Amino acid sequence: MIFRKKKFAAIIFFVFVLAGAFFAWDFFTDNAEFVPYSEFYALAENGKIASVRFSGEKLFFTQKNQALGSEDFSAEKEFYTDNPESPLLKEFLMRHGSSVKVEKDGLEIISFAFDMVFYLIFFVIIFTVFKKFISPNTFKVVRKTGVKFKDVVGMENLKKDMLTVIEIMKNSESYARKGIRMPKGILLEGAPGNGKTLFAKALAGEARVNFIAAKATDFESMFMAIGPMKVKMLFRKARRIAPCIVFIDEFDGIGTRRNYSGSAIETENTRIVAALLNELDGFESTQGVLVIAATNSIQALDEALIRPGRFDARFKVPYPQEKDRLELCQMYLRGKNPDSTCSVQSLARFFDGFSCAKIESTLNRAAILAIQERKMQFSMDDVKTAAKEN
């Protein structure tokens, strides 16, 4: 980064040096003698001007060498006069036998050079910004998620269904001969923190296929049309590395109902939804790409997006049941030091209606509260206090 800044500064310095050299050359080589414009005009009218050079606000000219009795041009002595900037002057001079040359003004050259520098800087900035927003590395491919179904507590029925989907994904052609296709998309609906993302990672780990995780904010941009472009880029990458599971978290952030209000935000949302529709319709289930979308509310999603044929299966991810809460408490209590009031059974009953993430956070906060009070163990009172804070 520092090298690039030094390189750019060197280019700017070089431009200024060239500009200074140009003006210095013009200053030290200008030995022409001044002639009033009226005298110049009289000479031109009588055909005595050999050549005229238009240079900004000045006219440089030489006279015909009449002493030799010929029309030969003499460049031995150069004169200059003011340029009236008349649109008819050039034609007038040519009609009276003068050769005319128009040079660019030094200021015009410098202005052009600075314009080029400005455009260069502008396009570098635009290229950098677009490279950041549309970089191929926006959606990273995870070859091994390191998570299996055994790491996910509960959701037993969902696991069974997903194992069947995995089998179809791996052997799509043989199932196609039986008239069975793999679902294109699966919707996971549930409250935040109940393990939708973890389940998607476990599914990819169980299937041993590539995994791409994305979220609604990945498609947001300060520039219009970047969101739909990212949608196309995501699915293009997924097809290229199939079999692949694409997981889109916070799906209701980009797949909301279209209302065509005309605002910039709604227009961009409409384009993103349209891009999703095109991509979901554009690939076949035999291509080995499975889309899993997690949402907090299916009702907020666009109806065309979640119709059968695009998202064929919907699964509810509920709050953990008592049996699952027992397992979760055992898992989250590892390495912690609860007292006798915090039995796994009492904690499981207390955490009724809590999400998986909230159970973990509450137990962690309870342990912190005990440390703050210089206690070796945390109690149920600490757990209750932590639950209120969460």
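Data block above holds the structure.
Parameters and conventions
- Residues numbered from 1 in each chain as written.
- Predicted model: local features only at pLDDT ≥ 70, side-chain atom pairs only at ≥ 80, totals over all residues.
- Heavy atoms only, no water.
- Pairing = 2+ DSSP bridges.
- Helix = DSSP H or I, 4+ residues; strand = E, 2+ residues; numbered from the N terminus.
- Contact = heavy atoms within 4.5 Å.
- Axes fitted to C-alpha atoms, helices over the stretch in contact; angles between N-to-C directions.
- Buried < 20%, exposed > 50% of the residue type's maximum accessible area, 1.4 Å probe, protein only.
- Salt bridge = Lys/Arg side-chain N within 4 Å of Asp/Glu carboxyl O.
- Arc of directions from axis to C-beta.
- Core = buried A, V, L, I, M, F, W, Y, C linked by side-chain atoms within 4.5 Å.
- Parallel < 35°, antiparallel > 145°, perpendicular 65-115°, else oblique.
- Left-handed = near helix turned anticlockwise from the far one by under 90°.
- Nonpolar A, V, L, I, M, F, W, Y, C, P; charged D, E, K, R; others polar.
- Patch = residues over 30% accessible without salt bridge, like charges linked within 9 Å, V, L, I, M, F, W, Y side chains within 5 Å.
- Areas by Shrake-Rupley, 256 points an atom, 1.4 Å probe, with all protein chains shown as cover.
- Lys, Arg positive; Asp, Glu negative; His and termini not counted.
- Charge placed at Lys NZ, Arg CZ, Asp CG, Glu CD.
- Phe/Tyr/Trp six-rings, centres within 6.5 Å; stacked < 30°, edge-to-face > 60°.
- Lys NZ or Arg CZ within 6 Å of the ring centre and 35° of its normal.

Enquirer: It is not clear to me how the sheet that holds strand 4 (residues 79-82) should be interpreted in this structure. Could you clarify?
Expert: Hydrogen bonding along the main chain pairs the strands of a sheet, whether they run parallel or antiparallel. Taken in spatial order, the five strands of this open sheet run 1-4-3-2-5, and their pairing is mixed. Every interior strand has two partners, whereas the edge strands, strand 1 (33-34) and strand 5 (99-103), have only one. Sheet analysis places strand 2 (residues 49-55) next to strand 5, joined by five bridges and oriented parallel. The residue bridging phenylalanine 54 from the neighbouring strand is valine 102, located in strand 5. Where helix 2 (residues 37-45) meets the sheet, it contacts strand 2, strand 3 (58-63) and strand 4, and its direction lies at approximately 45° from that of strand 3.

Enquirer: Teacher, can you tell me more about the pairing of strand 7 (residues 185-189) here?
Expert: Along a regular strand, successive side chains alternate from one face of the sheet to the other. With respect to burial, strand 7 is a largely interior element, five of its five residues being buried. In strand 7, alternate side chains face the same way, and those of Gly185, Leu187 and Glu189 on one face and Ile186 and Leu188 on the other are all buried. In this sheet, strand 10 (residues 289-295) lies alongside strand 7 in parallel orientation, the contact comprising five bridges. Bridge pairing in strand 10 links leucine 187 to alanine 293. Here strand 7 pairs with strand 11 (residues 313-316) via four bridges, running parallel. Within strand 11, the position partnered with isoleucine 186 by the bridge is alanine 313.

Enquirer: What should I look at first to understand the pattern of salt bridges in this one?
Expert: Between side chains of opposite charge, pairing is possible as soon as their charged atoms come close. Under the counting rule described, the total for this entry stands at nine salt bridges. The partner of glutamate 156 in a salt bridge is lysine 159, with the nearest N and O atoms 3.7 Å apart. Note that glutamate 156 and lysine 159 are positioned in helix 5 (residues 156-170) at a spacing of three residues, about one turn of the helix. When its relative accessible area of 8% is taken as the criterion, lysine 159 is described as buried. The closest approach of N and O atoms between aspartate 352 and arginine 325, which form a salt bridge, is 3.4 Å. Within this pair, whereas aspartate 352 is found in the loop between helix 11 (344-350) and helix 12 (356-372), its partner arginine 325 is found in helix 10 (residues 322-332), the two being separated by 27 residues in sequence. Look at aspartate 352 and you get exposed, because its relative accessible area is 54%.

Enquirer: Help me understand the sheet that holds strand 10 in this model?
Expert: Across the sheet, which stays open at both edges, the six strands sit in the order 6-8-9-10-7-11 with mixed pairing between neighbours. Of all strands in the sheet, those with a lone pairing partner are strand 6 (141-142) and strand 11, marking the two edges. Where strand 8 (residues 210-215) and strand 9 (residues 244-249) come together, six bridges link them in parallel fashion. Opposite lysine 215, over in strand 9, you have aspartate 249 as the bridge partner. Against the sheet, helix 8 (residues 226-240) engages strand 6, strand 8, strand 9 and strand 10, with an angle of about 155° to strand 9.

Enquirer: I keep staring at the pairing of strand 2 and nothing clicks. Help me out?
Expert: Across the seven residues of strand 2, five count as buried, placing the element largely inside the fold. Two successive antiparallel strands, strand 2 and strand 3, enclose a turn made up of two residues, where glycine 56 displays a positive phi of approximately 65°.

Enquirer: Is there a simple way to explain helix 13 (residues 380-389) in this structure?
Expert: Residues separated by three or four positions in an α-helix point in the same direction, a consequence of the helix having 3.6 residues per turn. All buried positions along helix 13 are accounted for by Met380, Asp382, Val383, Ala386 and Ala387. The buried residues of helix 13 occupy one face: seen down the axis, they fall within an arc of 155°. Of the exposed residues in helix 13, the ones pointing more than 90 degrees away from its buried face are Asp381 and Lys388. The inward-facing, buried residues of helix 13 abut helix 11 and helix 12.

Enquirer: Can you help me understand the nonpolar core in this one?
Expert: Grouped burial of nonpolar side chains is what soluble globular proteins tend to show. Grouped together as the largest cluster of nonpolar side chains are 31 residues, with contacts concentrated most on Leu187, Phe219, Leu234, Ile248, Phe251, Ile254 and Leu276. Sorting elements by how many residues they give to this core places helix 9 (residues 264-282) first, with six residues. If we ignore the near neighbours within four places in the chain, the residues touching phenylalanine 219 are Phe139, Ala214, Gly227, Lys230, Val231, Leu234, Ile248, Ile254 and Ile272.

Enquirer: Before we go on, may I ask you to explain the packing of helix 10 against helix 12 in this structure?
Expert: Packed helix pairs are characterised by how far apart their axes lie and by the angle those axes make with each other. The interhelical angle for the contact between helix 10 and helix 12, taken along N-to-C directions, is 40°, at an axis separation of 10 Å. Compared by their axis directions, helix 10 and helix 12 come out oblique. With respect to the hand of their crossing, helix 10 and helix 12 are arranged in right-handed fashion. Listed contacts from helix 12 to Arg325, Leu328, Cys329 and Tyr332 of helix 10 are Cys356, Ile359, Glu360 and Leu363. Looking at the contact of helix 10 with helix 12, its residues break down into six nonpolar, no polar and two charged.

Enquirer: Honestly, a positive patch on the surface in this entry has me stumped. Any pointers?
Expert: Together, Lys144, Lys148, Lys150, Lys170 and Arg208 make up a positively charged patch on the protein surface. By the secondary structure assignment, lysine 144 is in the loop between strand 6 and helix 5.

Enquirer: Help me out: how do you make sense of the packing of aromatic side chains in this one?
Expert: The description of an aromatic ring pair rests on the distance of the ring centres and on the angle between the ring planes. Using the criterion set out here, one finds 15 aromatic pairs in the structure. A ring pair is formed by phenylalanine 122 and phenylalanine 123, whose centres lie 5.5 Å apart and whose planes are at 70°; its orientation type is edge-to-face. Residue class for phenylalanine 123 comes out exposed when judged on its relative accessible area of 54%. Members of the aromatic cluster, each reached through a chain of ring pairs, are Tyr37, Phe40, Tyr41, Phe61, Phe79 and Phe92. Lying across the ring of tyrosine 80, lysine 58 places its NZ or CZ 4.9 Å from the centre. In this structure, lysine 178 is placed above the aromatic ring of tyrosine 175, and the distance from its NZ or CZ to the ring centre is 5.2 Å.

The analysis is restricted to geometry; functional conclusions fall outside its scope.
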